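These are the residues of each chain, in order.
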Amino acid sequence: MDIPEDHPRYLSLMARELIAEGVEKGLVDRTGLIAHGRGEAFDYIIGEATIEQALPGIRAGAGALVTAEHPIISVNGNTAVLAGRDIAELSSAHGIPIEVNLFHRTEDRVVRLVELMRSHGAEEVLGVDPDEAIPGLSHARSLCSKEGIYSADAVLVPLEDGDRALALREMGKTVIAIDLNPLSRTAGTAVITIVDNVVRAVPAIKKEMDMMSKEDALKVLEGFDNEDSLNSIIEFMADRLRELGKTIV
Ligand code: PTJ
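Residues numbered from 1 in each chain as written. Predicted model: local features only at pLDDT ≥ 70, side-chain atom pairs only at ≥ 80, totals over all residues. Heavy atoms only, no water.

## Re the overall build of the protein
Here comes step 1: A count of helices and strands for the protein gives 11 helices and eight strands.
Here comes step 2: Taking 2.2 N^0.38 as the reference for a compact globule, 249 residues should give roughly 18 Å; the C-alpha atoms of the protein span a radius of gyration of 17 Å, in line with that estimate.
Here comes step 3: A principal-axis box enclosing the C-alpha atoms of the protein has dimensions of 60 × 45 × 35 Å.
Here comes step 4: For the protein, the computed accessible surface area is about 12300 Å², with 52% contributed by carbon and sulfur atoms.
Here comes step 5: Computed over 25 positive and 42 negative side-chain charges, the separation of the two mean positions in the protein equals 2 Å. (Helix = DSSP H or I, 4+ residues; strand = E, 2+ residues; numbered from the N terminus. Rg over C-alpha atoms; globule rule 2.2 N^0.38 Å. Areas by Shrake-Rupley, 256 points an atom, 1.4 Å probe, with all protein chains shown as cover. Lys, Arg positive; Asp, Glu negative; His and termini not counted. Charge placed at Lys NZ, Arg CZ, Asp CG, Glu CD.)

Below is the structure:
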């Protein structure tokens, strides 16, 4: 669809197009449309911009990746079509492998998504031929790669399902979630939750990492509390809704 660049909701409409096109191309699961709509609603509430209250989470996420011995970036359908290029850049700049890991897993979609990430320049992309399973999860959503997610100490998981976030945490991993919904099970389960659109969060994490020493990272992590961070974001949302409500005539 041709969306005029001067449309006030250009970026949002383009993202919708990417997700819809992703379904047609066999990259995004059809339920990804619903997940995207939920994300849009929360993005609307925060003003479709990275809010100040999200910065501690972004810095802590960067810090956790900087200090990890074996970090990994988990990529699903929605993430790959919305932020694939930025994820490939983050991965290459900081030597963090990527694993295509799907909730609604089909081997065909894994292969397509691995190819998409490679086309964006990503060098190490795991996910095909999984040889391990995340304990405690039934069905194919548990499948993962031994040298990737299974053995990683820190996992960046954009748009994750709450159950899997919990299973990863129970494996002792530092789970860094990107989720626009601060009330989701994933947001409450992760060690670090970044409440921002994946499209903005990934470049923001990279920018922080580019400038962060291990020493700085440890300080950032020491001062971070996920519950405090989520509460300040929920407060921001409540205040903004009240303000927006006043403009209704
Ligand atoms: O490709 P697959 O098979 O792995 O499936 C991916 C989806 C996203 C369909 C699957 O993981 C899923 O169903 O996720 P949920 O449980 O709907 O959770 C998605 C969460 O991501 C929700 O809390 C949304 O608010 C949030 N979200 C949606 N779009 C974005 C987002 N968060 C950040 N950036 C977004 N663009």
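## Some words on the nonpolar core
Here comes step 1: Ranked by internal contacts, the top residues of the largest apolar core, which has 46 residues, are Met117 and Ile205.
Here comes step 2: Ranked by residues supplied to this core, first place goes to helix α4 (residues 77-94) with seven residues.
Here comes step 3: Apart from the residues lying within four places of it in its own chain, the contact partners of Met117 are Val75, Ala80, Gly84, Ile87, Ala88, Ile98, Ala122 and Val125.
Here comes step 4: Listed in part, the 14 residues of the second largest apolar core include Leu126, Cys144, Ile149 and Ala152. (Core = buried A, V, L, I, M, F, W, Y, C linked by side-chain atoms within 4.5 Å. Buried < 20%, exposed > 50% of the residue type's maximum accessible area, 1.4 Å probe, protein only. Contact = heavy atoms within 4.5 Å.)

## Quick notes on the pairing of strand β7 (residues 174-178)
For a regular strand, side chains alternate in direction, first toward one face of the sheet and then toward the other.
Here comes step 1: Burial within β7 is extensive, with four of its five residues counted as buried.
Here comes step 2: Bridge count between strand β6 (residues 154-158) and β7: five bridges; the pairing is parallel. When the bridges of β7 are listed, Val157 appears paired with Ala177.
Here comes step 3: Each parallel crossover has a hand, and for β6 linked through helix α7 (residues 162-170) to β7 it is right-handed.
Here comes step 4: With three bridges connecting them, β7 and strand β8 (residues 192-194) associate as parallel partners. Looking across to β8, one finds that Ile178 is bridged to Ile194. (Pairing = 2+ DSSP bridges. Right-handed = clockwise from strand over helix to strand, strands pointing away.)

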